[in-house]
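Now for the letters of each chain:
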Protein chains: 2
Amino acid sequence: MEFSSKLLERAVNEMSQLPGIGKRTALRLVLHMLRQPKEQTIALSEALQTMRNDVKFCKSCHNISDQDLCEICTTPNRDLSVICIVEDIKDVMAIENTSSFKGLYHVLGGKISPMDGIGPHDLNIESLVKKVKEGTIKELIFALSSTMEGDTTNFYIYKQIKEYQILTSTIARGISVGDELEYADEITLGRSIVDRVPFESSLKL
Amino acid sequence: MEFSSKLLERAVNEMSQLPGIGKRTALRLVLHMLRQPKEQTIALSEALQTMRNDVKFCKSCHNISDQDLCEICTTPNRDLSVICIVEDIKDVMAIENTSSFKGLYHVLGGKISPMDGIGPHDLNIESLVKKVKEGTIKELIFALSSTMEGDTTNFYIYKQIKEYQILTSTIARGISVGDELEYADEITLGRSIVDRVPFESSLKL
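A quick note: this is a predicted structure, and the numbers were derived from the prediction, not measured.

### As for the overall build of chain A
Phase 1 of the analysis: Along chain A, the regular secondary structure elements total nine helices and six strands.
Phase 2 of the analysis: Taking 2.2 N^0.38 as the reference for a compact globule, 205 residues should give roughly 17 Å; the C-alpha atoms of chain A span a radius of gyration of 22 Å, well beyond that estimate.
Phase 3 of the analysis: Its C-alpha atoms give chain A principal-axis dimensions of about 65 × 45 × 35 Å.
Phase 4 of the analysis: Among the 205 residues that make up chain A, the fraction classed as buried is 38%.
Phase 5 of the analysis: The long-range fraction of contacts in chain A, counting pairs at least 24 apart against all pairs at least 6 apart in sequence, stands at 45%.
Phase 6 of the analysis: Separation between the mean location of the 24 positive side-chain charges and that of the 29 negative ones in chain A comes to 4 Å.

### Quick word on the packing of aromatic side chains
Phase 1 of the analysis: Scanning the entire structure with this criterion turns up two aromatic pairs over all chains.
Phase 2 of the analysis: Centre to centre, the rings of Phe 101 of chain A and Tyr 105 of chain A are 5.2 Å apart; their planes meet at 65°, and the pair counts as edge-to-face.

### Looking at the domain arrangement of chain A
Reports of interface size often rely on the accessible area that becomes lost once the parts have come together.
Phase 1 of the analysis: Parsing chain A into structural domains produces domain 1 (6–54) and domain 2 (64–171).
Phase 2 of the analysis: The centre of domain 1 of chain A, based on its C-alpha atoms, is set 34 Å off from the matching centre of domain 2 of chain A.

### Considerations on unusual backbone geometry
Phase 1 of the analysis: A positive phi angle, near 55°, is found at Ser 99 of chain A, a position not held by glycine.
Phase 2 of the analysis: Here Ser 99 of chain A falls in the exposed class, since its relative accessible area comes to 52%.

### Some remarks on the sheet that holds strand 6 (residues 167–170) of chain A
All names here are of chain A.
Phase 1 of the analysis: One open sheet accounts for four strands, arranged 4-3-5-6; its pairing is parallel. This sheet does not close on itself; its edge strands, each paired only once, are strand 4 (103–107) and strand 6. Along the sheet, successive strands turn relative to each other by an average axial angle of 25°, direction set aside.
Phase 2 of the analysis: With four bridges connecting them, strand 3 (residues 79–86) and strand 5 (residues 139–142) associate as parallel partners. Residue pairing across strands places Val 82 opposite Glu 139, the latter belonging to strand 5.
Phase 3 of the analysis: Contacts from helix 6 (residues 126–134) reach strand 3, strand 4 and strand 5 within the one sheet, and its direction differs from that of strand 4 by about 145°.
Phase 4 of the analysis: Sheet strands in contact with helix 7 (residues 148–161) are strand 3, strand 5 and strand 6, and its direction is about 165° off that of strand 5.

### Points about the pattern of salt bridges
All names here are of chain A.
Phase 1 of the analysis: Scanning all chains against the criterion turns up ten salt bridges over all chains.
Phase 2 of the analysis: The partner of Asp 195 in a salt bridge is Arg 191, and the shortest N-O contact between them spans 3.7 Å.
Phase 3 of the analysis: Owing to a relative accessible area of 42%, Asp 195 belongs among the partly exposed residues under this scheme.
Phase 4 of the analysis: Note on Arg 191: relative accessible area 36%, which makes it partly exposed.

The rules behind the values
Residues numbered from 1 in each chain as written. Chains lettered and ligands numbered in written order. Predicted model: local features only at pLDDT ≥ 70, side-chain atom pairs only at ≥ 80, totals over all residues. Heavy atoms only, no water. Helix = DSSP H or I, 4+ residues; strand = E, 2+ residues; numbered from the N terminus. Rg over C-alpha atoms; globule rule 2.2 N^0.38 Å. Buried < 20%, exposed > 50% of the residue type's maximum accessible area, 1.4 Å probe, protein only. Contact = heavy atoms within 4.5 Å. Lys, Arg positive; Asp, Glu negative; His and termini not counted. Charge placed at Lys NZ, Arg CZ, Asp CG, Glu CD. Phe/Tyr/Trp six-rings, centres within 6.5 Å; stacked < 30°, edge-to-face > 60°. Domains from an automatic or database assignment. Pairing = 2+ DSSP bridges. Axes fitted to C-alpha atoms, helices over the stretch in contact; angles between N-to-C directions. Salt bridge = Lys/Arg side-chain N within 4 Å of Asp/Glu carboxyl O.

What follows is the structure, encoded as structure tokens:
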């Protein structure tokens, strides 16, 4: 692509570094910015800079935060003895949106994936094991995605903490609420039959 | 969407102002930035700011440029007497990529579209008519998209300049090179038959 302006070219090149944004999309976005008031672009670039410079990660759960400890960790009426292990902060947001969980989180920051060069030491596993050692935790909930990498990570963590007497659980896999059985894949359907729950407990929800 | 950090929320909100980028995509992009080295985000935001502050539009053709006159207008061996009228700078880039045009451009900055509140005075039409009046131009090529708005704009400009003795033309409409006739729409196919060209002239390309 030939640009008539070096400034435009640089902006497009930087923009197209983002995942899923190619040169054409980047050009479309940048030309849109040129048509909008100058203040909008300034606000965007300042928001990005401030965020990148000033954002912190919670010292306890590694969730994104403006303080040393995140809002979830500092909320008084949450159950400090149950910790839900998630991959990244999008998962925290997703679970928080359900309003069904009142414990704390632990954000690993990824999954063990030798293919991508991510080993256990690149993840926040050590601080999790330390928390378990301290003895205040009663239950760990594994809420990683059920892929090869997710299962590997679950198992790695499980091996580290199994000597301590705590409950471990994984989130239930099964047919989505509202889904038709005939369109479900057989592994999910199979799991939902094996892990069936008492009918009375489903009435409570 | 609930964010655990105000800085993150602001960055996502600003990012989702861009066309085609919703909150979820914005969050994905912003979290990607947090995983990349800090320098990358700083470079992006500086590139956007500099571009928005310093970019100029060519005083003659209104193309984007770093100088008062753009590279195309200042290239010595181009034909100053032929002007191709396009909607925006993406069209200039598209035509330049073909290497088939050696004249100059005139970027209107849009099309007349009463539905979107864009009238003739929001476009760079006056400066085009002024150029024609000066008498150095021999041909105007209309290269707007063939929509209702494009045709309206073409006709508006045509009315303004028809008293001056210059050639006017529009780019050829027809079947794309490599396309099968059976899949072409009937209007395009009809135009390509009506506007057929001598077989000998097609051999030259």
